[in-house]
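Understanding the architecture of this molecule
One-letter residues, chain by chain:
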Amino acid sequence: VNELYLLAVGEVDEHALRWAEAAAAEWFPFPVRRLPPLATPEGSYDEVRRQYRSVEIMKAVARNVPSGAARLLAVTEHDLSIPLLTFLFGQAQLDGMIALVSVCRLRQEFYGFPPDPELLRERLTKELLHELGHTFGLTHCSRTECSMSLSTHVEAVDLKSAGWCATCGAHLARRFTSLKGLTA
Amino acid sequence: MKNIWPILIVDDEEVMCESMAAWLREDGYRVDTAPNGRMALELAAATDYAIYFVDLKMPGGMDGIETMMEIRKLRSDSSIIIMTAYATVDTAIQAMKEGAQEYIVKPCNPQEISLLVSRILKVKKLQRENAILRKKLTRTYRHRDVITKNSAMEEILTLANDVASLRSTVLIRGESGTGKELVARAIHYSGDRAAKPFVTVSCAALTETLLESELFGYEKGAFTGANGQTRGKFELANSGTILLDEIGDISPKLQADLLRVLQERCFYRVGGNQEVKVDARVIAATNRDLAEEVRQGRFRDDLYYRLNVIEIRIPPLRERREDVPLLTTHFVEKLAHELGKEVSAISEDALKLLMDHDWPGNVRELENAIERALVTCKGRQLNESDFAWLGRGAAARQPFDMPGDISLADLERRAIIATLERTHGNVREAAASLGVDRSTLYEKLKRYEIPR
C-alpha cells in the first residue's frame, strides 16, 4: 500500500528502468516497486504515422494499476503521439494515477548523435518528475528552470533542471503529506 | 491564472478531443469538449470560451465552417481555430474568409500549438485590459462624478445625458471654475464617441496665428520652422469630440474658419491646398455672454447660432450653495489621500464659513482653498482657523483705498499687473491668487495688452 509502481511498456532498456527507479525513489516519498513488464498493447501502433498512440497505451496501463498504489509510472521506448500533435515526451492524468514517459526522443541517437547515457539519465529524470508532477495536480510552470515547465523540444528539456521550483515543490510537499496521512 | 481562459474543442473523434483536452489541461487551461456543432453551440451559449478549436470535417449536418459561423453569431469576438487533417488551399482560404483566426493541419508540432494559444490569449488579455481601462475612464467622467444636489445642476446633467449621443454642437456657459470642461467630458464619455479621442483647445491662451495652426495643423514650409506636415486638433479629434474652451476669445478670421468647419465639416491646413474632411463633435465653452458679444459686433452671429444649438449654462457656486458641503467632503477625502494627510472631517464652523463665502473662482477656488487648508492643518479635522486666510482676504479687501477717477477695466488691469509683479511673472500663480483660471488670465493679458 502507498507505493509508487514502475511499469515498462514493451521492451525497455534496463539502464533506463534503473535510472527511473532510482530517480523516483529519490524525489518521491514512497517505496518504489517494479511491476512485470506490459506487452505493447494491441492496436496502439499507428502504421500511417509509424508512432504509438499514447491514448491507447495509457488505457492499457490504467488496467494494470495495483490496488492501493500511490502512483504508477510507465516507461516506454515507443515514440508517442496523439492525433493533434506530432509527438509527446510523455503524458499524465492530471491529478490522477498514471504518468507515462517515452525514452525514444530523449535519446541522442534519435537526433543522429552518438549515445550519451548521462544526458539520457538527466532527461529521463526531468521528464518523470514532470509527468508525475502532473499526477499530483501540478500544471505547467512558467519558470523555465523548473521541471514542470513545458518542453516542446528536446533542447527545452535540457534547459530545465532536475527538480521543482519552490512553488511547485511546496505544492507537492502538501500533497505528499495529505496522501500519506490518508493512507497511514 | 490560465484557467480563467476556457477553451472548447469541437471534434467528432473522441480520442482527438480527449487527448487534446488532456494536453491543454496540463498547461493549466479549463477545457470542454463537444462531439458536434450542435453541442458546441449549446456550450458556447452558456460559456464565453476564449478559444474554439473546431474540426473542419464533422459528420451529421454541421461541418466546421458552419459551426464556426454559428458560434460567431453567438460570440462575435471569439477566436476560432479550424483544424483539419486534409489540408487544401481552398479550405484554408474559405475558413479564413469566414472568420477563422487560424487554420492548423493535424498533426502539428507541440511548440506550434503552444505558441498559437499563448499568442491568442495575449491579445485577448490586452483586449480585456483595454475594455476595463476604457470602462474606468468612462466612469471617471460619468455624470455621477459631477457632485451636486442642486436642481438646476441636475437638469443640466439630464440634458447632457440626453445630448451625449447626438452630433449637435453644444455651447457651455459658465464662470471660471464652474466645471465647464467636466461637463464637456461627461457629454463625450456618455455618448457613442466615448471610445474616440476627446481633445481640448484653450482658445484664450494662444495668439491668432498659433491658434490657427493648433486647430487646423499646417503643411511643411507653411511658415518658418514648419519642418513637416502637422495635424491640428480638429484632425486629432476626428470621430471624437473637440472642446473649444474660451470660444469668445477667438479672432474674426478664426471665427470665419470655424464657421466653415461647422458648416462644411472640412478645412485646409495652414499653407495647404488640400481639403481635409473631419467628423468631430464640437463643444464650445465660454465664460462670456456671447449674445452680448454678438450685439456688440465682436462675435459673428452666424457662428453663434451654429454653436448655440444646445446651450448649457452652469450656475456659479454661489447660486448652488447647498453643494458646498457635498463638494467639501469630496475634496477633503480626495485631497487628504493625495497629500497623505490623516484628515477626514470638517468642523461645523468651518463649513459655515465656506457656505457663506462667495467663491468668485467657483468650485476650482473651493478645491484650492481646501488643499491649502489641508496642507497647513495640524489635526484630524479642518477647523475655522484653517480657513482664517479666507476671511482675512475678504477683510483685507475691505479697506481698499479706491483711487478717485478710475474705470473698472483699468482697475482690473492694475490688479493684474500688481499680482504679476508679486509673482515675478508667474501666470499660474497670479491666476490662482486672482481666483481665475489661467486661460481667463491669458485672455485678460491679451485684452489689456499687458506684456509678460
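Refer to the structure presented above.
Presented here is an overview of the structure given in this document.

Summing up its helical and strand segments, chain B has 19 helices and 14 strands in all. Burial status across chain B gives 47% buried among its 452 residues. Of the contacts made within chain B by residues no fewer than 6 positions apart, 69% connect residues no fewer than 24 positions apart. Accessible surface for chain B amounts to roughly 23200 Å². Of this, 49% is attributable to carbon and sulfur atoms.

Let us now look at the overall build of chain A. Summing up its helical and strand segments, chain A has five helices and eight strands in all. Secondary structure of chain A in N-to-C order comes out as β-α-β-β-β-α-β-β-β-β-α-α-α. The buried share of chain A, taken over its 184 residues, is 55%. Across chain A, the fraction of contacts at a sequence separation of at least 24, relative to all contacts at a separation of at least 6, is 67%.

Turning to the packing of helix H2 (residues 37–46) of chain B against helix H3 (residues 64–74) of chain B, a few remarks are in order. Residues and elements named next belong to chain B. The geometry of H2 relative to H3 is characterised by a closest axis approach of 10 Å and an angle of 15° between their N-to-C directions. With respect to their mutual orientation, H2 and H3 come out roughly parallel. For H2 against H3, the interelement crossing comes out right-handed. Facing Gly37, Ala40, Leu41, Ala44 and Ala45 of H2, the residues of H3 in contact are Thr67, Glu70, Ile71 and Leu74.

This part takes up empty space enclosed by the protein. Evaluated as defined, the whole model comprises two cavities of 30 Å³ or more. Here the largest cavity defines a volume of roughly 140 Å³. As for the largest cavity, its lining consists of 14 residues, and the residues nearest its centre are Phe89(A), Gly90(A), Leu150(A), Ser151(A) and Trp23(B). Listed by contribution, the elements that provide at least two residues to the lining of the largest cavity are helix H3 (117–135) of chain A together with helix H1 (14–26) of chain B.

The next thing to look at is the packing of helix H18 (residues 427–434) of chain B against helix H19 (residues 438–447) of chain B. All names here are of chain B. Their axes nearest at 9 Å, the elements H18 and H19 cross at an angle of 100°. Here H18 is positioned roughly perpendicular relative to H19, judged by the angle of their axes. Listed contacts from H19 to Val427, Arg428, Ala430, Ala431 and Leu434 of H18 are Arg438, Leu441, Tyr442 and Leu445. Class assignment of the residues belonging to the contact of H18 with H19 gives a composition of seven nonpolar, no polar and two charged.

Turning our attention to unusual backbone geometry. Cis peptide bonds are those with omega within 30 degrees of zero, and the linkage from Lys106(B) to Pro107(B) qualifies with -10°. Relative to the helices and strands, Pro107(B) is located in the loop between strand S5 (102–105) and helix H5 (110–140). Positive phi outside glycine occurs at Arg50(A), with the angle close to 55°. Inspection of the secondary structure puts Arg50(A) in the loop between strand S3 (45–46) and strand S4 (51–53). Among the residues examined, Arg50(A) registers a relative accessible area of 66% and is labelled exposed. A positive phi angle is found at Ser239(B), which is not glycine, with a value near 75°. Tracing the backbone through its elements, the reader meets Ser239(B) in the loop between helix H9 (233–236) and strand S8 (241–245).

Residues and elements named next belong to chain A. Pairing within the open sheet is mixed, and its three strands lie in the order S3-S4-S6. Every interior strand has two partners, whereas the edge strands, S3 and strand S6 (80–81), have only one. Pairing between S3 and S4: two bridges, direction antiparallel. If you follow Asp46 over to S4, its bridge partner there is Gln51.

A separate point is the sheet that holds strand S5 (residues 69–76) of chain A. As a general point, the strands of a sheet are linked pairwise by backbone hydrogen bonds and lie either parallel or antiparallel. Residue and element names in this part refer to chain A. If you trace the five strands from one edge of the open sheet to the other, you get S2-S1-S5-S8-S7, paired in mixed fashion. Either end of the sheet is taken by a strand with one partner, and the two such strands are strand S2 (32–34) and strand S7 (90–92). Strand-to-strand twist in this sheet, taken as the mean axis angle between neighbours without regard to direction, amounts to 20°. In terms of strand pairing, S5 meets strand S8 (residues 98–102) through five bridges, oriented parallel. When the sheet's bridge partners are listed, Val75 is paired in S8 with Val101. Strands in contact with helix H2 (residues 54–62) are strand S1 (3–9), S5, S7 and S8; relative to S8, the strand with the most contacts, it is inclined by about 135°. Strands S1, S5, S7 and S8 of the sheet are contacted by H3, whose axis makes an angle of about 155° with S8.

Quoted interface sizes are often the accessible area lost when the parts come together. Counting from both sides, the interface comprises 20 residues of chain B and, opposite them, 19 residues of chain A. Of all residues in chain B, Trp23(B), Glu26(B) and Pro107(B) give up the largest surface area on contact with chain A, accounting jointly for 35% of the area buried on that side. Joining chain B to chain A, the criterion identifies zero salt bridges. At the boundary of chain B with chain A, the tally comes to six residue pairs in polar contact (both at pLDDT 80 or more). At the level of elements, H1 and H5 of chain B are the ones that each hand at least two residues to the side of chain B that touches chain A. With eight residues, the single largest contributor to the side of chain B that touches chain A is H1(B). Of the residues assigned to the side of chain B that touches chain A, the class counts are eleven nonpolar, five polar and four charged.

Parameters and conventions
Residues numbered from 1 in each chain as written. Chains lettered and ligands numbered in written order. Predicted model: local features only at pLDDT ≥ 70, side-chain atom pairs only at ≥ 80, totals over all residues. Heavy atoms only, no water. Helix = DSSP H or I, 4+ residues; strand = E, 2+ residues; numbered from the N terminus. Buried < 20%, exposed > 50% of the residue type's maximum accessible area, 1.4 Å probe, protein only. Contact = heavy atoms within 4.5 Å. Areas by Shrake-Rupley, 256 points an atom, 1.4 Å probe, with all protein chains shown as cover. Axes fitted to C-alpha atoms, helices over the stretch in contact; angles between N-to-C directions. Parallel < 35°, antiparallel > 145°, perpendicular 65-115°, else oblique. Left-handed = near helix turned anticlockwise from the far one by under 90°. 1 Å grid on protein atoms, 1.4 Å probe; cavity = no way out; pocket = protein on both sides within 12 Å on 5 of 7 lines; lining within 4 Å. Points joined across faces, edges and corners; volume = space filled by probe spheres on them. Nonpolar A, V, L, I, M, F, W, Y, C, P; charged D, E, K, R; others polar. Pairing = 2+ DSSP bridges. Buried area = accessible area lost by both parts, 1.4 Å probe. Salt bridge = Lys/Arg side-chain N within 4 Å of Asp/Glu carboxyl O. Polar contact = N/O pair within 3.5 Å; in protein donor to acceptor, adjacent residues only side chain to side chain.

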